[in-house]
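Each chain is listed here by its residues.
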Amino acid sequence: MIIPFKQLPPETLQNLLEEYATRDGTDYGEREVSLVDKVSSLRRQLEDKTIVIWFEPGEESVNLILAEDIPKDGDH
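Bear in mind that the values here come from a model prediction, so they are computed numbers and not experimental data.

The rules behind these values
Residue numbers here run from 1 along each chain, matching the order of that chain's written sequence. Predicted model: local features are reported for residues with pLDDT of at least 70 only, side-chain atom pairs are reported and counted for 80 or more only, and whole-chain, interface and lining totals are derived from all residues. Only hydrogens and water are set aside when side-chain values are computed; all heavy atoms of the structure are taken into account. Segments assigned H or I by DSSP are reported as helices when at least four residues long, segments assigned E as strands when at least two residues long, and all are numbered from the N terminus. Think of it in three bands: residues with accessible area under 20% of the maximum for their type are buried, residues over 50% are exposed, and the middle band is partly exposed, with areas taken using a 1.4 Å probe on protein chains only. The contact criterion used is simple: two residues touch if any of their non-hydrogen atoms lie within 4.5 Å. For every accessible area listed, the method is Shrake-Rupley and the probe measures 1.4 Å; residues are considered covered only by the protein chains on display. Angles shown run from 0 to 180 degrees and are taken between the N-to-C directions of axes, each axis being a line fitted to C-alpha atoms and, for helices, limited to the stretch in contact. By definition in this entry, angles of less than 35 degrees are roughly parallel, angles greater than 145 are roughly antiparallel, angles of 65 to 115 are roughly perpendicular, and the rest are oblique. Helix crossings are classified by the rotation of the near helix relative to the far one: an anticlockwise turn of less than a right angle makes the crossing left-handed, while a clockwise turn makes it right-handed. As a working rule, the residues Ala, Val, Leu, Ile, Met, Phe, Trp, Tyr, Cys and Pro are called nonpolar, Asp, Glu, Lys and Arg charged, and the rest polar, with Gly in that last group. What makes a salt bridge here is a side-chain nitrogen of Lys or Arg within 4 Å of a carboxyl oxygen of Asp or Glu, nothing more.

Within the protein chain, the secondary structure is distributed over 2 helices and 3 strands. Each helix and strand of the protein chain, placed in order from N terminus to C terminus, yields the pattern β-α-α-β-β. Counting over 76 residues, the protein chain shows a buried share of 25%. Partitioning the contacts of the protein chain with sequence separation of at least 6, the portion at a separation of at least 24 is 38%. Accessible surface, the protein chain as shown: approximately 5600 Å² in total, 49% of it carbon and sulfur.

Attention now moves to the packing of helix α1 (residues 10-21) against helix α2 (residues 35-47). It is at 9 Å that the axes of α1 and α2 come closest, and there the two elements cross at 115 degrees. Here α2 runs roughly perpendicular to α1, going by the angle between their axes. Helix-helix and strand crossings are classified by hand; for α1 and α2 the assignment is right-handed. Contacts between α1 and α2 pair L13, Q14, L17, E18, Y20 and A21 from the former with L35, K38, V39, L42, R43 and L46 from the latter. Residue composition of the contact of α1 with α2, grouped by class: 8 nonpolar, 1 polar and 3 charged.

Take the pattern of salt bridges next. One pass over the full model with this rule turns up 1 salt bridge. R23 serves as the salt-bridge partner of E19, at 3.0 Å between the closest nitrogen and oxygen. By relative accessible area, E19 is classed as partly exposed at 38%. For R23, a relative accessible area of 26% translates into the label partly exposed.

In structure tokens, the structure reads:
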């Protein structure tokens, strides 16, 4: 299920973006990128609808996924 990012309180959204940006396995290429830059990039991608916040009820997990990867039975 998609969670509209504009419906989240600003602090919650910021915490979610920071948590996602610092996860193990999150790859930003060979150059070092600051947390501020990572979060700014994620925020821009949410705003231009490249990525969405996805809640998986069965797993009770929240992830950022590419909009093109929304499951077919997903809630648009």
